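Here is how the chains run, residue by residue.
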Amino acid sequence: MRRISTGSLLFRTALGAACAAAEAIRTGDEARPGDAAAHGEVPGYAQVQRLATGG
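This is a predicted model, so every value here is computed, not measured.

Reading guide: rules and limits
Residues numbered from 1 in each chain as written. Predicted model: local features only at pLDDT ≥ 70, side-chain atom pairs only at ≥ 80, totals over all residues. Heavy atoms only, no water. Helix = DSSP H or I, 4+ residues; strand = E, 2+ residues; numbered from the N terminus. Buried < 20%, exposed > 50% of the residue type's maximum accessible area, 1.4 Å probe, protein only. Expected span 1.5 Å × (residues − 1). Arc of directions from axis to C-beta.

Student: Explanation requested: the overall build of the protein chain in the structure shown.
Tutor: Of the regular secondary structure elements, the protein chain holds three helices and zero strands. Listing each helix as α and each strand as β along the protein chain from the N terminus yields α-α-α. For the protein chain, the proportion of its 55 residues judged to be buried stands at 11%.

Here's what the structure looks like:
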């Protein structure tokens, strides 16, 4: 297994999309593919680090 860089744009974009889908499910809104990236909601490196470390 290879290490996945949590700082890569691809990983952060996927994480943003997953969070947007989870939020849409939580609120009952319709999740649409690409919404997170289209609205500039790709999490920054520091935000991903906080999520990864529970901080």
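Text resumes after the structure shown.
Student: Explain helix 1 (residues 9–27) to me, please; I cannot follow it from the model alone.
Tutor: Each full turn of the α-helix corresponds to 3.6 residues, which orients residues three or four apart in the same direction. Over its 19 residues, helix 1 extends 27 Å from the first C-alpha to the last, a length consistent with the 27 Å expected when each residue adds 1.5 Å. Taken together, the buried positions of helix 1 are Arg 12, Gly 16 and Ala 24. The buried residues of helix 1 occupy one face: seen down the axis, they fall within an arc of 115°. Residues of helix 1 that are exposed and point over 90 degrees away from its buried face: Leu 10, Ile 25 and Arg 26.

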